[in-house]
Amino acid sequence: MDTELSSPPLDLADAAPASGKKVYVKTFGCQMNVYDSERMTELIDPLGYSETSDIADADLVILNTCHIREKAVEKVYSDLGRIRQVKDERRAAGKETLVAVAGCVAQAEGAEIARRAPVVDLVVGPQSYQALPELLARAKSTGRSVVETIFPDQDKFAQLPLTRSAKSTTAFLTVQEGCDKFCTFCVVPYTRGMEYSRSVTELTREAEKLAARGVRELTLLGQNVNAYHGEGPDGATWSLAKLLRQLARVEGIERLRYTTSHPRDMTADLIAAHGDLEKLMPFLHLPVQSGADRILAAMNRKHTADDYRRVIRQILAARPDIAISTDFIVGFPGESESEFAQTLDLVDEIGFAQAFTFKYSPRPGTPAAKLGDQVPEDVKSERLNRLLARMERQQLAFTAGLVGRTLPVLFEKAARGAGQLIGRSPYMYPVTVEAHAGLVGEIAPVLIRTSGPNSLGGDLQA
Ligand code: SAH
Ligand code: SF4
Ligand code: F3S
């Protein structure tokens, strides 16, 4: 048979990726956005897009945005200003650039983004990105900006590719989306919609795919992950604890974590899992926001400081060595000095291993933004600094307490120093160790010798 072909057969040419297209993705906000960014790159991979870290090289720029605080939004618009310059320069060189804004700013501001920043070709919300290839084609062919921010009836996840790429030994897996809690400061219920849980079967399949690609540690994600109530293979509604026990059976998955949780949804079965599910790591991110009951009520958190203390006591009873991490907001409207002092007291009492601390940022459309008695910026900054100082002391004490212990470390990647690897301890903190590159993906014992506020160092044990 004649095999001489001047060009590949048509069907092959159609299937082959259009060579050399590049996408630059920048992710803001929470881990759920990290997960969504990964899924978006997987979706456009068949269109021939590979990732670049050089924006000047990018045929497509995706900003996956966050609306949680004002600063995060300002950053998006300042980035868009810079991207306009890049697009102009590329156009002068005869190259086209498509600019997409995804994520929670896209959902919250919709068409307003394209009005304010005409450089934007596509605005796509977190519930609509499964249609990304089609939306990009539409933006390209019409030359007008396309805005897609509906909450479609169909299940977004069911329309995403079944394949998963994995670049690391750790991965995120979104199990739940949205939030029905309506804390008065928070935009999430408006940008991510109502609570929705994926089915156990779908999640098991995705976890198996990730494990087959070398993932050893899975972090289950949800804006309210412990409110998970997905359909089990038996048709019944499964809790997060039951889902964790199921995923612990997936071959190759050695470690499990989950984030972010609400104190109200720390159920007895989930607390029990911390006691007896070996693969569930001893680290829990449980945002408290404030130590003052009047503020917690004004925030509509649906728990008191004592409720929080009680939950922590129960978790510690199940898993005494667990590291507790949290979020705080300082300067919520009406927060007095003595109420802030109650937050500081709670810090001392609980002994958090880690905390994310934020100055209250009024968000358009949320009830708290309309409250009188907004706390002046300088007072917020001063409180934030005091809280940060208190937390740093505590973080140092926590990591110092690990020195001398031998911990199982999951090796992730090369460290900056030659011959060193970075791994993850059970308590989340990264550990730098002299170790052979072949250990990436393995779990090995490390004797912890040094500690800092955010990291550990140690020696590999034979
Ligand atoms: N679902 C999680 C967290 C979602 S947002 C929970 O229930 O706690 C992550 C953190 O951002 C929140 O815990 C809160 O501390 C902070 N945050 C949310 N809205 C904020 C606002 N308007 N101003 C300042 N911080 C805010
Ligand atoms: Fe926001 Fe509250 Fe929902 Fe967390 S629980 S996502 S803070 S509304
Ligand atoms: Fe931000 Fe949206 Fe996550 S507002 S914190 S990216 S859910």
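Residues numbered from 1 in each chain as written. Chains lettered and ligands numbered in written order. Predicted model: local features only at pLDDT ≥ 70, side-chain atom pairs only at ≥ 80, totals over all residues. Heavy atoms only, no water.

When the parts of a complex come together, some accessible area is lost, and that lost area is often used as the size of the interface. The domain boundaries assigned to the protein chain delineate domain 1 (3-148), domain 2 (156-400) and domain 3 (406-460). The centre of domain 2, based on its C-alpha atoms, is set 25 Å off from the matching centre of domain 3. Contacts between the two partners involve 21 residues from domain 2 and, on the opposite side, 19 residues from domain 3. For the pairing of domain 2 and domain 3, the buried interface totals around 1,600 Å² over both sides, and the portion due to carbon and sulfur atoms is 58%. (Domains from an automatic or database assignment. Contact = heavy atoms within 4.5 Å. Buried area = accessible area lost by both parts, 1.4 Å probe.)

Counting 75 residues, the largest nonpolar core has Ile-62, Leu-218, Leu-220 and Tyr-258 as its most contacted members. When residues of this core are sorted by domain, at least three fall in each of domain 1 (3-148) and domain 2 (156-400). In this view, Ile-62 contacts Val-23, Tyr-24, Val-25, Lys-26, Met-40, Ile-44, Ala-100, Ala-102 and Leu-132; residues no more than four positions away in its chain are not counted. (Core = buried A, V, L, I, M, F, W, Y, C linked by side-chain atoms within 4.5 Å. Buried < 20%, exposed > 50% of the residue type's maximum accessible area, 1.4 Å probe, protein only.)

With that settled, the discussion passes to the site of ligand 2. Near ligand 2 the following residues occur: Cys-179, Lys-181, Phe-182, Cys-183, Phe-185, Cys-186, Val-188, Pro-189, Asn-224, His-262 and Arg-301. Classifying every residue of the shell around ligand 2 by side-chain character gives seven nonpolar, two polar and two charged. (Near = heavy atom within 4 Å. Nonpolar A, V, L, I, M, F, W, Y, C, P; charged D, E, K, R; others polar.)

This brings us to the environment of Ile-55. Structurally, Ile-55 is set in the loop between strand S2 (49-51) and strand S3 (60-65). Among residues more than four places away in sequence, those in contact with Ile-55 are Tyr-24, Val-61, Arg-82, Ile-83 and Val-86. (Helix = DSSP H or I, 4+ residues; strand = E, 2+ residues; numbered from the N terminus.)

Below, the discussion takes up the site of ligand 1. Contacts to ligand 1 come from 15 residues, most closely from Phe-185, Gln-223, Gln-289, Asp-327 and Ser-361. Arg-301 places a polar side-chain atom, nitrogen or oxygen, 3.5 Å from an oxygen atom of ligand 1. Between ligand 1 and the protein, one listed contact pairs a nitrogen atom with a backbone N or O atom of Ser-361 at 2.8 Å. Protein chains bury 89% of the 530 Å² of accessible surface belonging to ligand 1 in isolation. (Polar contact = N/O pair within 3.5 Å; in protein donor to acceptor, adjacent residues only side chain to side chain. Areas by Shrake-Rupley, 256 points an atom, 1.4 Å probe, with all protein chains shown as cover.)

Our next topic: the packing of aromatic side chains. For the coordinates displayed, the defined rule picks out seven aromatic pairs. In textbook terms, an aromatic cluster arises when at least three aromatic residues are bridged by ring pairs, as seen for Tyr-308, Phe-328 and Phe-352. Positioned above the aromatic ring of Phe-358, the side-chain terminus of Arg-69 is 3.6 Å from the ring centre. Residue placement shows Arg-116 over the ring face of Tyr-77; its charged tip is 3.6 Å from the ring centre. (Phe/Tyr/Trp six-rings, centres within 6.5 Å; stacked < 30°, edge-to-face > 60°. Lys NZ or Arg CZ within 6 Å of the ring centre and 35° of its normal.)

Turning our eyes to something else, we now look at the sheet that holds strand S16 (residues 354-359). Taken together, the three strands give an open sheet; going across it, the order is S14-S15-S16, and neighbouring strands pair in parallel fashion. Edge positions in the sheet fall to strand S14 (283-285) and S16, since each has one partner strand and no second. When the angles between neighbouring strand axes are averaged without regard to direction, this sheet yields 15°. (Pairing = 2+ DSSP bridges. Axes fitted to C-alpha atoms, helices over the stretch in contact; angles between N-to-C directions.)

Of all the five residues making up strand S4 (residues 98-102), five are buried; the element is thus mostly covered by neighbouring parts of the structure. Alternating positions in S4 separate into two faces, Leu-98, Ala-100 and Ala-102 on one and Val-99 and Val-101 on the other, with burial throughout. Judged from the five bridges that link them, S3 and S4 form a sheet pairing that is parallel. Residue pairing across strands places Leu-63 opposite Val-101, the latter belonging to S4. Each parallel crossover has a hand, and for S3 linked through helix H3 (residues 70-92) to S4 it is right-handed. (Right-handed = clockwise from strand over helix to strand, strands pointing away.)

Inspection of the entire model under this criterion finds 34 salt bridges. Ionic pairing is found between Arg-198 and Glu-202, a salt bridge with its closest N-O pair at 2.7 Å. With respect to burial, Arg-198 and Glu-202 carry one shared label: buried. A salt bridge links Arg-390 to Asp-348, with the nearest nitrogen and oxygen atoms 2.5 Å apart. Separated by 42 residues along the polypeptide, Arg-390 in helix H14 (residues 377-400) and Asp-348 in helix H13 (residues 337-350) bring together distant segments of the chain. The network of salt bridges with shared partners includes Arg-39, Glu-42, Arg-198, Glu-202 and Glu-206. (Salt bridge = Lys/Arg side-chain N within 4 Å of Asp/Glu carboxyl O.)

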